[in-house]
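# Structural features, examined
Residues per chain are reported as follows:
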Number of protein chains: 2
Amino acid sequence: MSGHVTAEQAFRSVLFIESAETLAAIEGEVRAFAGPMGYERFVLFSVSAAQDEVVERIYWVEGDWFGNGESVDAETYIRRCPVTRHILDEREPFFWTKTTGAHGELYRVVRSPRGRGIHGLQVPVFGPLGLEGAMSLGGERIDASPRARLALGLIAEAAFLAARNLLEAAIGGDVGALSEREREVLAWTAAGRRQVEIAATLGLSERTIENHLRRIRKRLGVATTAQAIRVAIRKGEIAA
Amino acid sequence: MSGHVTAEQAFRSVLFIESAETLAAIEGEVRAFAGPMGYERFVLFSVSAAQDEVVERIYWVEGDWFGNGESVDAETYIRRCPVTRHILDEREPFFWTKTTGAHGELYRVVRSPRGRGIHGLQVPVFGPLGLEGAMSLGGERIDASPRARLALGLIAEAAFLAARNLLEAAIGGDVGALSEREREVLAWTAAGRRQVEIAATLGLSERTIENHLRRIRKRLGVATTAQAIRVAIRKGEIAA
DNA sequence: AGCCCAATGAGGGTTTTCCCTCAACGCGAG
DNA sequence: CTCGCGTTGAGGGAAAACCCTCATTGGGCT
């Protein structure tokens with residue numbers, strides 16, 4: 001909370017996080033840095049447009065996010081935090097504030113949060129495919145200065161990338177690779193054919209084409225077929 | 001170069017750059033920060049990348065990039081710097097080094113550049129649409145420490161975002177079969193957004209988005225939006 | 001002034017895609 | 001021999017995209 005954010009400490013934290021070998025080490029470092037600035041609620045997650053939910057996988061959630069004295073689990077967080085959706089519209093870290101009034105909880109994106117309520121900073125992390133993850137930090141009396149935004153933006157990005165490196169390697173394996181059939185269907189789609197047409201060409205049911213395309217979207221972690229085309233081209237799954 | 005990069009100074013520079021109102025101010029700040037670290041060649045550009053050219057528009061190019069004692073213009077830089085293409089494969093700032101041997105110039109991406117030659121740091125900048133721009137800094141004897149990478153990454157990202165904000169507004173759309181608006185709509189589509197979402201993001205009617213997309217398909221001579229994505233990527237209208 | 005065109009938006013439909021679930025077959029790995 | 005997974009297919013409904021035409025505004029160009 002108090003004083004000033006030391007840039008020096010932020011740099012050291014980032015470098016430490018980048019070389020961390022466990023999630024716990026990352027968490028500890030973030031806590032140690034952000035704690036004195038008034039942040040004691042944390043969420044770190046990856047984002048995928050594939051689901052109806054924005055959040056794909058939560059790496060770390062901690063703290064009394066909903067002011068009920070209980071620490072939350074991942075599902076609760078996803079269900080209850082509407083601020084999360086805003087990362088779809090923002091291109092830089094932003095502050096938000098939650099006030100509890102007559103009509104229940106009210107979340108807003110603000111320039112600089114103040115007053116009573118729970119405030120926080122949401123940091124989107126972008127990569128070659130667009131939005132890839134985010135970290136949210138919250139607290140009741142937080143340092144919401146430009147310097148804090150800058151420092152926490154750095155830390156959060158490093159934390160997300162490091163955490164993903166640690167966790168996704170263990171989990172995923174080769175997520176994203178398409179099967180032969182899927183590549184074929186997507187290639188025809190990229191060539192402008194409709195599902196019925198592709199079905200006829202390949203001698204399959206229209207339903208099968210549809211199922212393949214859904215599976216493709218899920219595998220590539222995208223929301224629409226149009227996006228799947230782009231991602232597949234980028235990954236070299238199909239030709240441009 | 002030697003000594004230590006002060007994180008404090010980096011933070012101050014970023015905050016200054018974010019509020020800069022001319023490109024010259026941004027350039028001056030970057031020079032002042034990176035100069036003492038041995039960097040005196042700069043390129044700042046936006047990326048739209050597809051096939052032939054990665055670079056879309058160069059905002060700032062300065063310094064003796066090719067060791068011939070002359071400052072280069074934009075076209076020369078694009079034509080002669082093969083390192084640029086690497087930003088398509090990288091997801092973080094990376095160092096490179098250029099050595100001149102018997103078989104001409106040799107560029108390599110390295111962990112930590114040393115020795116004779118021109119070295120540099122390439123910083124990709126990502127956004128909701130994927131890779132959006134980059135900044136490259138070079139010099140003969142540069143500080144290539146992790147701290148330098150971190151600080152310059154910050155500075156470069158801020159510089160790119162600030163420069164784009166300043167310049168893109170002024171510049172009108174030039175080349176390309178698609179209009180500025182159409183490219184924008186298609187880019188969001190390729191990023192997985194639906195028409196209604198794009199309408200909300202751009203503050204337009206859903207109808208308008210639909211009309212733009214129809215016009216895009218007509219102009220590109222394709223049947224479906226999925227195909228339009230592929231064709232546009234191939235033509236370099238939007239990024240892969 | 002007259003004209004073209006980008007950008008915006010609408011009416012009123014049709015077609016296509018998308019979503020969730022369930023199910024069957026064959027094939028290779030443990 | 002199960003188990004996972006790729007491939008195939010379906011029912012039923014909801015959402016999104018797509019199609020036509022028409023209309024207005026504002027810039028630029030002749």
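See the structure printed just above.
Residues numbered from 1 in each chain as written. Chains lettered and ligands numbered in written order. Predicted model: local features only at pLDDT ≥ 70, side-chain atom pairs only at ≥ 80, totals over all residues. Heavy atoms only, no water.

## Re the overall build of chain A
A tally of regular secondary structure across chain A gives eight helices and six strands. In sequence order, chain A lays out its α and β elements as α-α-β-β-α-β-β-β-β-α-α-α-α-α. By residue count, 50% of the 240 residues in chain A fall in the buried class. Put simply, 59% of the contacts in chain A that link residues at least 6 apart link residues at least 24 apart. (Helix = DSSP H or I, 4+ residues; strand = E, 2+ residues; numbered from the N terminus. Buried < 20%, exposed > 50% of the residue type's maximum accessible area, 1.4 Å probe, protein only. Contact = heavy atoms within 4.5 Å.)

## Notes on a negative patch on the surface
On the surface, Glu 92 and Glu 157 of chain A together with Glu 92 and Glu 157 of chain B cluster together into a negatively charged patch. The topology assignment puts Glu 92 of chain A in the loop between helix H3 (74-80) and strand S3 (94-101). (Patch = residues over 30% accessible without salt bridge, like charges linked within 9 Å, V, L, I, M, F, W, Y side chains within 5 Å. Areas by Shrake-Rupley, 256 points an atom, 1.4 Å probe, with all protein chains shown as cover. Salt bridge = Lys/Arg side-chain N within 4 Å of Asp/Glu carboxyl O. Lys, Arg positive; Asp, Glu negative; His and termini not counted. Charge placed at Lys NZ, Arg CZ, Asp CG, Glu CD.)

## Quick look at the interface of chain A and chain B
Across the boundary between the two partners, chain A contributes 43 residues, which contact 44 residues of chain B. Approximately 3800 Å² of surface area, both sides summed, lies buried where chain A meets chain B, with 58% of it carried by carbon and sulfur atoms. Taken together, chain A and chain B are joined by six salt bridges. A salt bridge links Arg 147 of chain A to Glu 8 of chain B; the nearest nitrogen and oxygen atoms lie 2.9 Å apart. (Buried area = accessible area lost by both parts, 1.4 Å probe.)

## Things to note about the packing of helix H6 (residues 195-202) of chain A against helix H7 (residues 206-220) of chain A
Residues and elements named next belong to chain A. Orientation of H6 relative to H7, taken along the N-to-C sense of each, is 110 degrees, at an axis distance of 8 Å. The angle between H6 and H7 places the two elements in the roughly perpendicular class. Between H6 and H7 the crossing geometry is right-handed. On the side of H6, the interface is formed by Gln 195, Val 196, Ile 198, Ala 199 and Leu 202, while H7 contributes Glu 206, Ile 209, Glu 210 and Leu 213. (Axes fitted to C-alpha atoms, helices over the stretch in contact; angles between N-to-C directions. Parallel < 35°, antiparallel > 145°, perpendicular 65-115°, else oblique. Left-handed = near helix turned anticlockwise from the far one by under 90°.)

## Notes on helix H1 (residues 7-18) of chain B
Residues and elements named next belong to chain B. Along its twelve residues, H1 runs 17 Å from first to last C-alpha, staying within 8% of the 16 Å computed at 1.5 Å per residue. All of the buried residues in H1 are Ala 7, Ala 10, Phe 11, Ser 13, Val 14 and Ile 17. Summarising the axial view, the buried residues of H1 lie within an arc of 165 degrees, below the 170-degree limit, and thus occupy one face. (Expected span 1.5 Å × (residues − 1). Arc of directions from axis to C-beta.)

## Description of the protein's contact with DNA strand D
Contacts to DNA strand D come from 17 residues, most closely from Ser 179, Arg 181, Arg 207 and Arg 215 of chain A together with Glu 210 of chain B. Those atoms of DNA strand D that come within 4 Å of the protein belong to sugar or phosphate at a rate of 57%. In this structure, a phosphate oxygen belonging to DNA strand D sits 2.6 Å away from a side-chain N or O atom of Ser 205 of chain A. For DNA strand D, a phosphate oxygen lies 2.6 Å from a polar atom in the side chain of His 212 of chain A. No other element matches H7 of chain A, which puts six residues into the surface near DNA strand D. Considered class by class, the residues forming the surface near DNA strand D number one nonpolar, seven polar and nine charged. (Near = heavy atom within 4 Å. Polar contact = N/O pair within 3.5 Å; in protein donor to acceptor, adjacent residues only side chain to side chain. Nonpolar A, V, L, I, M, F, W, Y, C, P; charged D, E, K, R; others polar.)

## Examining the pattern of salt bridges
Residue and element names in this part refer to chain B. All chains considered together, the criterion is met by 34 salt bridges over all chains. Close ionic contact of Glu 237 with Arg 183 constitutes a salt bridge, the shortest N to O distance being 2.6 Å. Residue Glu 237 is found in the segment after helix H8 (225-235), and its partner Arg 183 is found in helix H5 (residues 180-190); the two are separated by 54 residues along the sequence. Each of the two residues, Glu 237 as well as Arg 183, counts as buried.

## Brief notes about the protein's contact with DNA strand C
Near DNA strand C you find 18 residues, and of these Glu 210 of chain A together with Ser 179, Ser 205, Arg 207 and Arg 215 of chain B are the closest. Counting only atoms of DNA strand C within 4 Å of the protein, the sugar-phosphate share comes to 58%. Here a base nitrogen of DNA strand C and a side-chain polar atom of Arg 214 of chain A are 3.3 Å apart. Ser 205 of chain B places a main-chain nitrogen or oxygen 2.6 Å from a phosphate oxygen of DNA strand C. At the level of secondary structure, the elements contributing two or more residues to the surface near DNA strand C comprise H7 of chain A together with helix H7 (206-220) of chain B.

## Regarding the sheet that holds S3 of chain A
Residues and elements named next belong to chain A. The six strands are arranged S2-S1-S6-S5-S3-S4 in an open sheet whose pairing can be described as antiparallel. At either end of the open sheet lies a strand with only one pairing partner, and these are strand S2 (55-62) and strand S4 (104-110). Direction aside, the axes of adjacent strands within the sheet are offset by 20 degrees on average. Where strand S1 (residues 41-47) meets S2, six bridges bridge the pair, whose relative direction is antiparallel. Note on S2: the bridge partner recorded for Phe 45 is Ile 58. (Pairing = 2+ DSSP bridges.)

## A word on the pairing of strand S5 (residues 118-127) of chain A
All names here are of chain A. A large share of S5 lies buried, amounting to ten of its ten residues. Burial along S5 is two-sided: Ile 118, Gly 120, Gln 122, Pro 124 and Phe 126 facing one way and His 119, Leu 121, Val 123, Val 125 and Gly 127 facing the other are all buried. Taken together, the nine bridges between S5 and strand S6 (residues 130-139) define a ladder with antiparallel strand orientation. Residue pairing across strands places Pro 124 opposite Ala 134, the latter belonging to S6.

The analysis is restricted to geometry; functional conclusions fall outside its scope.
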